[in-house]
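Letter by letter, the chains look like this.
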Amino acid sequence: MTGKGGIGKTSVAAATGLRCAELGYKTLVLSTDPAHSLADSFDLELGHDPRPVRPNLWGAELDALMELEGNWGAVKRYITQVLQARGLEGTIVEPIFRPIAGFSLPDKEVMNAPYEFYQQIEALEKVLTDPTQTSVRLVMNPEKMVIKGSLRAHAYLSLYNVGTDLVIANRFIPESVTDPFFQQWKTQQQQYRQEIHNNFMPLPDLGFRW
């Protein structure tokens, strides 16, 4: 699920996860948002590692700092060593380089980190561009700026061969609301809904109500 902040991505993702779990699929709902709210949606504490929510369903809120440490910790430690290098201690090791520079040559773990990172990126690209494994769903509200942002997101996704299979238009005022105060707002929302349909067809659109 992707879209601008505050339009309901997390709620839609949580609801989708619940339904997938009910259908018997082993499902992980993973939040990558810097300001996580998935735990609030499920009403329980979540962390970096997946936690069971209910049968067939797990939730997690990605911690970017933990990911950075896990993938680049060796590089960070080496850079710290270089910046903190003092004197000629440890000159049994690397008898030419270390006495001169004051720090060791990078070890195999440090040298392999960038290569392994790019390998992971390539593997991720294959998953994201494989329509049998990955699809993106655009979540939006019937608002001018949100629709424009979603159109740009759809263009970028298409540019990188990432498939979009559904548009979810969220936060429509229900038909049951008849108060005249909302009439102009409802009319405008219907116009935007038609705009969403015209701009994103032939993608199916799923409209929600408040």
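As shown above, the structure is provided for reference.
What comes next is a walk through the structure. (Residues numbered from 1 in each chain as written. Predicted model: local features only at pLDDT ≥ 70, side-chain atom pairs only at ≥ 80, totals over all residues. Heavy atoms only, no water.)

**Quick notes on a nonpolar patch on the surface**
As a reminder, the rule being used: Patch construction takes residues with relative accessible area above 30% that form no salt bridge. Like charges are linked within 9 Å, and nonpolar side chains (Val, Leu, Ile, Met, Phe, Trp, Tyr) are linked within 5 Å. Accessibility throughout is a Shrake-Rupley quantity obtained with a 1.4 Å probe, and a residue counts as covered only by protein chains that appear here. A pairing counts as a salt bridge when a side-chain nitrogen of Lys or Arg comes within 4 Å of a carboxyl oxygen of Asp or Glu. Helix and strand assignments follow DSSP, with helices taken as H or I runs no shorter than four residues and strands as E runs no shorter than two, numbered in order from the N terminus. Summary of the burial criterion: residues with accessible area below 20% of their type's maximum are buried, those above 50% are exposed, and those between are partly exposed, where the area comes from a 1.4 Å probe applied to protein chains only.
Together, Phe117, Tyr118, Ile121, Leu124, Val127 and Leu128 make up a nonpolar patch on the protein surface, roughly 510 Å² of accessible area in all. In this fold, Leu128 is placed in helix H5 (residues 108-128). Assessed through its relative accessible area of 35%, Leu128 is described here as partly exposed.

**Looking at the packing of helix H6 (residues 144-159) against helix H7 (residues 183-200)**
Selection rule: Orientation is described by lines fitted to C-alpha atoms, with helices fitted over the stretch in contact, and by angles between N-to-C directions that extend from 0 to 180 degrees. Note on terminology: angles under 35 degrees are roughly parallel, angles over 145 are roughly antiparallel, angles of 65 to 115 are roughly perpendicular, and the others are oblique. Contact definition: two residues touch when any of their heavy atoms are within 4.5 Å. Any residue outside Ala, Val, Leu, Ile, Met, Phe, Trp, Tyr, Cys, Pro, Asp, Glu, Lys and Arg is labelled polar, Gly included; the first ten of those are nonpolar and the last four are charged.
Between H6 and H7, the shortest axis-to-axis distance is 11 Å and the interhelical angle comes to 10°. With respect to their mutual orientation, H6 and H7 come out roughly parallel. Within the contact between the two elements, H6 uses Lys144, Ile147, Ser150, Leu151 and His154 and H7 uses Tyr192, Glu195, Ile196, Asn199 and Phe200. Here the contact of H6 with H7 is built from residues that sort into five nonpolar, three polar and two charged.

**Focus: the sheet that holds strand S1 (residues 27-31)**
Hydrogen bonds between backbone atoms are what pair the strands of a sheet, whose relative direction is either parallel or antiparallel. We apply this condition: The rule for pairing is simple: two strands pair if DSSP sees at least two bridges between them.
Ordered in space as S1-S3-S2, the three strands form an open sheet in which the pairing is mixed. Of all the strands in the sheet, just S1 and strand S2 (51-54) have a single pairing partner and so form its edges. Across the sheet, the mean angle separating the axes of adjacent strands is 30° when strand polarity is ignored. The pairing of S1 with strand S3 (residues 57-61) spans five bridges and is classified as parallel. Opposite Thr27, over in S3, you have Leu57 as the bridge partner. Relative to the sheet, helix H1 (residues 9-22) contacts S1, S2 and S3, its axis offset from that of S1 by approximately 170°.

The values are spatial; any link to function lies outside them.
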